[in-house]
Amino acid sequence: MTDNAIEKSPLTLLGLGAMGTALARAWLAAGHPLTVWNRSPGRAEPLAAEGAAVAGTVAEAVAAGRLVVVCLLDDASVDEALAGVDLAGKDLVNLTTSTPGQARARAIRARERGVHFVDGGIMAVPPMIGAPGSGAHVFYSGSRTLFDSHRETLAVPAGTSYVGEDAGFAALHDVALLSAMNGMFAGVSHAFALIRKENIEPTAFAPLLADWLVAMTSSVHAAAAQLADGDYTRGVVSNLAMQVAGNATLLRTAEEQGVSAELLAPYLALMERLLADGRGNESTTGVVDLLALRPTRLRTVGA
Ligand code: NDP
């Protein structure tokens, strides 16, 4: 039997922004019967030409099938779009970027309304969606039963990583990765600022920087191993005392180059606090302890 001869599961998609449109195209290209809805109807027109059924209202779109995927701007827009819509008995997958608390709260509301719920965090930009080998993947969490029963459909636009029954975990994994990425972008900005006024081509500098960052990613695994067994001296190659001794060089270089140290300084200050606590023979992993000490006042009671 050819792939085309296999009947593909139908689904509904709410939201045809840049990401929603990429998701829609991936499902259509794979032969899934797709019903779409978007607040501004014009965005659905090209997809209708590609085979999507266009619903005039959210209720109509939701009524078209069991699996309903939502990819809207933010949590508030999902509330707005789904207000008053009967979702009882549906399998709801929310790919809208949320916080863990928002995802958990939606899981509770879904359960109260007889809706099966999975939250997702998309680790990709639209051109990576439906592109084999792009590395795109989506974290999913919430109902394992829902995830398992739609696994093949969900795997069409991007790889799938199920990270647990706690509906907040997909968002937490998503935001943790994005936060680390922002830290990296901050460092990259500082590095380019340092060379800005010199006769150094950014394009010549870029491969040196990228290779160095890739080489340093092994530190992620080393930190994880230390966090797992609580011994922050385990396998230390560049101890904190040595690194803090270098902080003055980093800050003085920024000053010499006329560059603000506002991105770098907070991290260096945390390293110095650890050293002042007598932890000079450890790695920098103790920074995690300092950050995680803050009370989590915003935590929502979970599902
Ligand atoms: P866009 O800004 O391109 O599209 C936003 C979508 O949300 C549109 O369909 C818009 O409808 C709809 N919308 C906004 N407000 C409302 C509302 N109040 N009621 C109903 N619909 C509303 O965003 P993306 O498609 O790029 O992103 C969608 C989600 O995907 C976001 O949560 C984003 O964080 C996530 N994501 C996006 C990535 C990206 O690179 N684009 C990467 C990873 C995740 P209308 O057309 O009428 O304005």
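Before reading further, recall that the structure is shown in the block above.
What comes next is a walk through the structure. What you see is a predicted model, and the numbers here were worked out from it, not measured in a lab.

1. What about a nonpolar patch on the surface?
1) Next: Together, Leu 178, Met 181, Met 184 and Phe 185 make up a nonpolar patch on the protein surface, roughly 320 Å² of accessible area in all.
2) Next: Looking at the element boundaries, Met 184 is found in helix 8 (residues 169–195).

2. Let's talk about the nonpolar core
1) Next: Core analysis: the largest hydrophobic core is formed by 32 residues, its most contacted members being Leu 13, Val 93, Leu 95, Ile 129 and Tyr 140.
2) Next: When residues of this core are traced back to their parent elements, those giving at least two are strand 1 (11–14), helix 1 (18–29), strand 2 (34–37), strand 4 (67–70), strand 6 (116–123), strand 7 (137–142) and helix 6 (144–149).
3) Next: It is helix 1 that contributes the most residues to this core, 7 residues altogether.
4) Next: If we skip the residues at most four places from it in the chain, Val 93 touches Leu 67, Val 68, Val 69, Val 70, Val 118, Tyr 140, Leu 146 and Leu 154.
5) Next: Counting residues in hydrophobic clusters, the runner-up holds 20 residues, among them Trp 37, Val 85, Leu 87 and Phe 117.

3. Thoughts on helix 10 (residues 218–229)
1) Next: Across its 12 residues, helix 10 extends 18 Å between first and last C-alpha, which sits within 8% of the 16 Å expected from 1.5 Å per residue.
2) Next: Just beyond helix 10, the residue with positive phi is Gly 230, at close to 75 degrees.

4. Here's the deal with the site of the ligand
1) Next: Taken together, 22 residues surround the ligand, and among them Met 19, Asn 38, Ser 40, Arg 43 and Thr 97 come closest.
2) Next: Within the backbone of Ala 18, one N or O atom sits 2.9 Å away from an oxygen atom of the ligand.
3) Next: Interatomic distance of 2.5 Å between a side-chain N/O atom of Ser 40 and an oxygen atom of the ligand.
4) Next: Burial of the ligand by the protein chains amounts to 78% of its free accessible area of 900 Å².
5) Next: Of all the cavities here, the one that holds the ligand is the second largest pocket.
6) Next: Secondary structure elements with two or more residues in the shell around the ligand: helix 1 and helix 4 (75–82).
7) Next: If one sorts the elements of the shell around the ligand by residue count, helix 1 sits on top with 3 residues.
8) Next: Looking at side-chain class alone, the shell around the ligand contains 11 nonpolar, 8 polar and 3 charged residues.

Parameters at a glance
Residues numbered from 1 in each chain as written. Predicted model: local features only at pLDDT ≥ 70, side-chain atom pairs only at ≥ 80, totals over all residues. Heavy atoms only, no water. Patch = residues over 30% accessible without salt bridge, like charges linked within 9 Å, V, L, I, M, F, W, Y side chains within 5 Å. Areas by Shrake-Rupley, 256 points an atom, 1.4 Å probe, with all protein chains shown as cover. Salt bridge = Lys/Arg side-chain N within 4 Å of Asp/Glu carboxyl O. Helix = DSSP H or I, 4+ residues; strand = E, 2+ residues; numbered from the N terminus. Core = buried A, V, L, I, M, F, W, Y, C linked by side-chain atoms within 4.5 Å. Buried < 20%, exposed > 50% of the residue type's maximum accessible area, 1.4 Å probe, protein only. Contact = heavy atoms within 4.5 Å. Expected span 1.5 Å × (residues − 1). Near = heavy atom within 4 Å. Polar contact = N/O pair within 3.5 Å; in protein donor to acceptor, adjacent residues only side chain to side chain. 1 Å grid on protein atoms, 1.4 Å probe; cavity = no way out; pocket = protein on both sides within 12 Å on 5 of 7 lines; lining within 4 Å. Sits in = over half its atoms within 2 Å of the grid points. Nonpolar A, V, L, I, M, F, W, Y, C, P; charged D, E, K, R; others polar.

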